[in-house]
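# Chains, contacts and geometry: an overview
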Amino acid sequence: MRAVLVANPKGGAGKTTLATNLSGYFANQGKSVTLCDLDRQQSALRWMAFRDPALPPVTGYYAGNQIVLNLPKESDWVVVDAPAGLQGYKLSDYLRAVDRVLVPLVPSVFDMAATEDFLNSIRGEIRSNRMKVGIVAMRVDPRTKAAGMLEEFLRHFDIPIVSYLRNTQNYVNVAAAGATVFDPPRARHRRDLEQWDALVKWVECA
Ligand SMILES: Nc1ncnc2c1ncn2[C@@H]1O[C@H](COP(=O)(O)OP(=O)(O)OP(=O)(O)O)[C@@H](O)[C@H]1O
Ligand SMILES: [Mg+2]
């Protein structure tokens with residue numbers, strides 16, 4: 001079993017969007033995948049309730065009430081969707097339980113300011129843990145000034161941007177159907193799938 005934590009203390013950064021789509025990727029690869037929802041709002045599990053049983057399956061698991069994160073060992077992959085505001089000892093505990101941490105980050109001054117302490121605290125844990133941390137620049141075109149601002153901000157942390165995901169209603173539409181950009185009809189999401197390429201490679205590399 002390998003585990004990916006999707007976290008950012010800022011609400012609405014794109015955690016559930018990343019976690020559901022990454023789960024959809026693994027499911028479409030024929031892997032067994034558990035989507036572990038830590039959020040009391042249970043957005044990821046709500047998403048799953050809409051999922052067509054004919055689509056590659058994602059198993060749901062609510063772990064929001066656990067003091068110590070206990071991940072199901074029987075899956076090939078576990079994707080953990082964190083709630084907004086995750087920090088402190090709980091965050092440290094979760095970081096020890098996973099192989100990869102993905103931090104979705106929208107390049108706005110508000111989002112970057114709200115993420116700064118979080119990145120500082122996980123930077124401190126990177127050296128003492130086996131996990132690797134990567135940023136996913138959310139809702140941004142890499143050629144814009146906003147992207148430049150984000151790169152400048154991240155220079156202080158030595159954490160790579162693993163991909164840029166554009167702002168598109170595709171994510172809103174697939175979410176409403178309990179689906180992901182990896183589920184059919186994939187041709188509709190061709191541009192998004194190209195952007196996910198580097199992200200899934202980074203997650204999967206040993
Ligand atoms: N790349 C994108 N393009 C367009 N809309 C997006 C994109 N990513 C996320 N969204 C939308 O932004 C909103 C917030 O995303 P999401 O729920 O994934 O954030 P979150 O970090 O899980 O929020 P919370 O902190 O409340 O759990 C949702 O309506 C989602 O559909
Ligand atoms: Mg969420």
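In this report, we go over the structure that sits alongside the text. As the structure is a prediction and not an experimental result, all values here were calculated from the model.

Moving on, we get to the pairing of strand β6 (residues 132–138). Most of β6 is tucked away: six of the seven residues are buried. Relative to β6, strand β5 (residues 100–105) runs parallel, the two being bridged by six bridges. Bridge pairing in β6 places Arg100 opposite Lys132. In terms of handedness, the path from β5 via helix α4 (residues 109–126) over to β6 forms a crossover that is right-handed.

The next subject is the packing of aromatic side chains. Overall, the coordinates contain five aromatic pairs when judged by the stated rule. When the ring of Phe182 is compared with that of Trp196, the centres are 5.4 Å apart and the planes differ by 85°; the resulting orientation is edge-to-face. Of this pair, Phe182 sits in the loop between α6 (169–176) and α7 (190–204) while Trp196 is found in helix α7, placing the two residues 14 residues apart along the sequence. An aromatic cluster of three or more residues is present, and its members are Tyr25, Phe26, Trp77, Phe182 and Trp196.

Read from one edge of the open sheet, seven strands run β3-β2-β4-β1-β5-β6-β7, paired in parallel fashion. The open sheet has two edge strands, β3 (59–62) and β7 (161–165), and neither has a second partner. Recorded for the sheet is a direction-independent mean angle of 20° between the axes of neighbouring strands. Against the sheet, α4 contacts β5 and β6, and its axis sits at roughly 165° relative to β5.

Formed by 35 residues in total, the largest nonpolar core has its most connected members in Leu5 and Leu119. Where this core is concerned, the elements lending two or more residues are β1 (2–6), β4 (77–81), α3 (88–97), β5, α4, β6 and α5 (145–154). Not counting chain neighbours up to four residues away, the residues in contact with Leu119 comprise Val103, Ile135, Phe153, Leu154, Phe157 and Ile159. Counting residues in each nonpolar core, the second largest holds 32 residues, with Val6, Ala44, Val58 and Met138 among its members.

Tracing the chain through its elements places Glu125 in helix α4. Buried and unpaired, Glu125 has Arg96 as its nearest opposite-charge partner, separated by 4.5 Å. Separated by 2.9 Å, the side chains of Glu125 and Ser92 make a polar contact. Once residues within four sequence positions are removed from consideration, Glu125 is found in contact with Ser92, Leu95 and Met131.

Glancing now at α6. The α-helix advances 3.6 residues per turn, and as a result positions three or four apart in sequence lie on the same side. Among all positions in α6, only Asn170, Tyr171 and Val174 are buried. Down the axis of α6, the buried set is contained in an arc of 100°. They therefore lie on one face. What points out from α6, more than 90 degrees from its buried face, is the exposed set Gln169 and Ala176. Of the surrounding elements, those touching the buried residues of α6 are α1 (15–28), α2 (43–49), β7 and α7. The opening residue of α6, the one whose side-chain oxygen lies 2.9 Å from the backbone nitrogen of Asn170, is Thr168. Of the residues trailing α6, Gly178 is marked for its positive phi of about 65°.

We now examine the site of ligand 1. In the region of ligand 1, 16 residues are neighbours, and Gly14, Lys15, Thr16, Thr17 and Arg166 sit closest. At 3.1 Å, a backbone N or O of Ala13 approaches an oxygen atom of ligand 1. Within the side chain of Asn167, one N or O atom sits 3.2 Å away from a nitrogen atom of ligand 1. When ligand 1 is considered free in solution it has 630 Å² of accessible area, and contact with the protein chains removes 78% of it. Elements that contribute at least two residues to the shell around ligand 1 include exactly α1 and α6. Of all the elements, α1 adds the most residues to the shell around ligand 1, at three residues.

Conventions we followed
- Residues numbered from 1 in each chain as written.
- Chains lettered and ligands numbered in written order.
- Predicted model: local features only at pLDDT ≥ 70, side-chain atom pairs only at ≥ 80, totals over all residues.
- Heavy atoms only, no water.
- Buried < 20%, exposed > 50% of the residue type's maximum accessible area, 1.4 Å probe, protein only.
- Helix = DSSP H or I, 4+ residues; strand = E, 2+ residues; numbered from the N terminus.
- Pairing = 2+ DSSP bridges.
- Right-handed = clockwise from strand over helix to strand, strands pointing away.
- Phe/Tyr/Trp six-rings, centres within 6.5 Å; stacked < 30°, edge-to-face > 60°.
- Axes fitted to C-alpha atoms, helices over the stretch in contact; angles between N-to-C directions.
- Contact = heavy atoms within 4.5 Å.
- Core = buried A, V, L, I, M, F, W, Y, C linked by side-chain atoms within 4.5 Å.
- Lys, Arg positive; Asp, Glu negative; His and termini not counted.
- Salt bridge = Lys/Arg side-chain N within 4 Å of Asp/Glu carboxyl O.
- Polar contact = N/O pair within 3.5 Å; in protein donor to acceptor, adjacent residues only side chain to side chain.
- Arc of directions from axis to C-beta.
- Near = heavy atom within 4 Å.
- Areas by Shrake-Rupley, 256 points an atom, 1.4 Å probe, with all protein chains shown as cover.

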